[in-house]
Amino acid sequence: MREGTSKINLTLDALFKRPDGYHELEMVMTTVDLFDRIDLYQTNKSITLESSSGLVPQDERNLAFRAAALLKEKTGCDKGVHIYIDKRIPVAAGLAGGSSDAAATLRGCNRLWGLGLSDAELAEIGAEIGSDVPFCVYSNTALAQGRGEVLTALPAPPTCWVVLAKPNHGVSTADVFGKLRVHAITDHPQTSRMIEAVKKRDYEGIIRHLGNVLEPVTMDMHEDVRQLKERMLRFGADGVLMSGSGPTVFALVKQESRAVRMVNSLRGFCQQVFAVRMLGVRRESVLDDVRTK
């Protein structure tokens, strides 16, 4: 069994549009205690996939399926795997659920098939699958640059409660970036100051420097994202930000009692609400469900 860990963006900045069509990004990302469970069963040659959720594809369109296939191709491995995803991270939410499943599959198949690849080698393979996959391979706290695949490790932020709330719809990352006009951005996040706050474990500094240039774009597309942020602030959050391209909005709070009250208050506004802990480091798991089919 592996765990696909969700991420949040403490900052997300777009610096310019690159010749390859992607945006040059600068982001501080960390992990939170919300996981998908990935069970891997060794098979003879084929790759198959099932999921507890009907909202995710269960074939080669799934990033976890693609991760296993690409790992086989890159290493020449002749073994197969059956992947079962117990989906707990909301889909199309800005929390890197699909990317974390792919990363967990890379790490798990690497061990299951006895390949002996390093995290750096797995991250390089993961970059061909999706921009967030390399970060999810490490599942710690990092400054992510380029398309998100150039990583500089950072220490874990101070522990706090994170309330995650996803409106009852998804958001297309491509659509959000398609509407982003970098030249029109007037309020870029202060990434260097966020890094300094993280290194000093300065909770108040982290709150002050939260920022995401995609937030206004998604809010213009979906008014309920704006309303969700306003509600969280009204309910007493220390800081609130949309994660990634959204639509999930997260609130940082120190007190568990406040986090619980916020969850109860938000449940009437959207169905998927979670109170979790900030992690910032990878929580190791073991392959305890491996068997040959």
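Residues numbered from 1 in each chain as written. Predicted model: local features only at pLDDT ≥ 70, side-chain atom pairs only at ≥ 80, totals over all residues. Heavy atoms only, no water.

### Remarks on the packing of aromatic side chains
So, point 1. Inspection of the entire model under this criterion finds zero aromatic pairs.
So, point 2. The ring of Y22 carries the charged tip of R147 above its face, separated from the ring centre by 4.8 Å.
So, point 3. Just above the ring of F235 sits the side chain of R234; from NZ or CZ to the centre is 6.0 Å. (Phe/Tyr/Trp six-rings, centres within 6.5 Å; stacked < 30°, edge-to-face > 60°. Lys NZ or Arg CZ within 6 Å of the ring centre and 35° of its normal.)

### What to know about the sheet that holds strand β9 (residues 239-242)
The strands that make up a sheet pair up through hydrogen bonds in the backbone, lying either parallel or antiparallel.
So, point 1. With antiparallel pairing, four strands are arranged side by side in an open sheet as β9-β10-β7-β11. Here the strands that pair on one side only, and so sit at the sheet edges, are β9 and β11 (272-277). The sheet shows a mean angle of 20° between the axes of neighbouring strands, direction not considered.
So, point 2. Where strand β7 (residues 161-166) meets strand β10 (residues 249-253), five bridges bridge the pair, whose relative direction is antiparallel. Bridge pairing links L164 to F250 in β10.
So, point 3. Against the sheet, helix α9 (residues 223-234) contacts β7, β9 and β10, and its axis sits at roughly 10° relative to β10.
So, point 4. Its contacts with the sheet place helix α10 (residues 256-266) against β7, β10 and β11, and it is angled at close to 10° to β7. (Pairing = 2+ DSSP bridges. Helix = DSSP H or I, 4+ residues; strand = E, 2+ residues; numbered from the N terminus. Axes fitted to C-alpha atoms, helices over the stretch in contact; angles between N-to-C directions. Contact = heavy atoms within 4.5 Å.)

### Quick look at unusual backbone geometry
So, point 1. For the bond from G246 to P247, the omega torsion is 5°, close enough to zero to count as cis.
So, point 2. Note that P247 resides in the loop between β9 and β10.
So, point 3. You will see that A96, though not glycine, has its phi angle at about 65°, which is positive.
So, point 4. You can see A96 is positioned in the loop between β4 (80-86) and α2 (97-112).
So, point 5. The residue R201 is not glycine, and still its phi comes out positive at about 55°.
So, point 6. Structurally, the position occupied by R201 is in the loop between α6 (191-199) and α7 (203-208).

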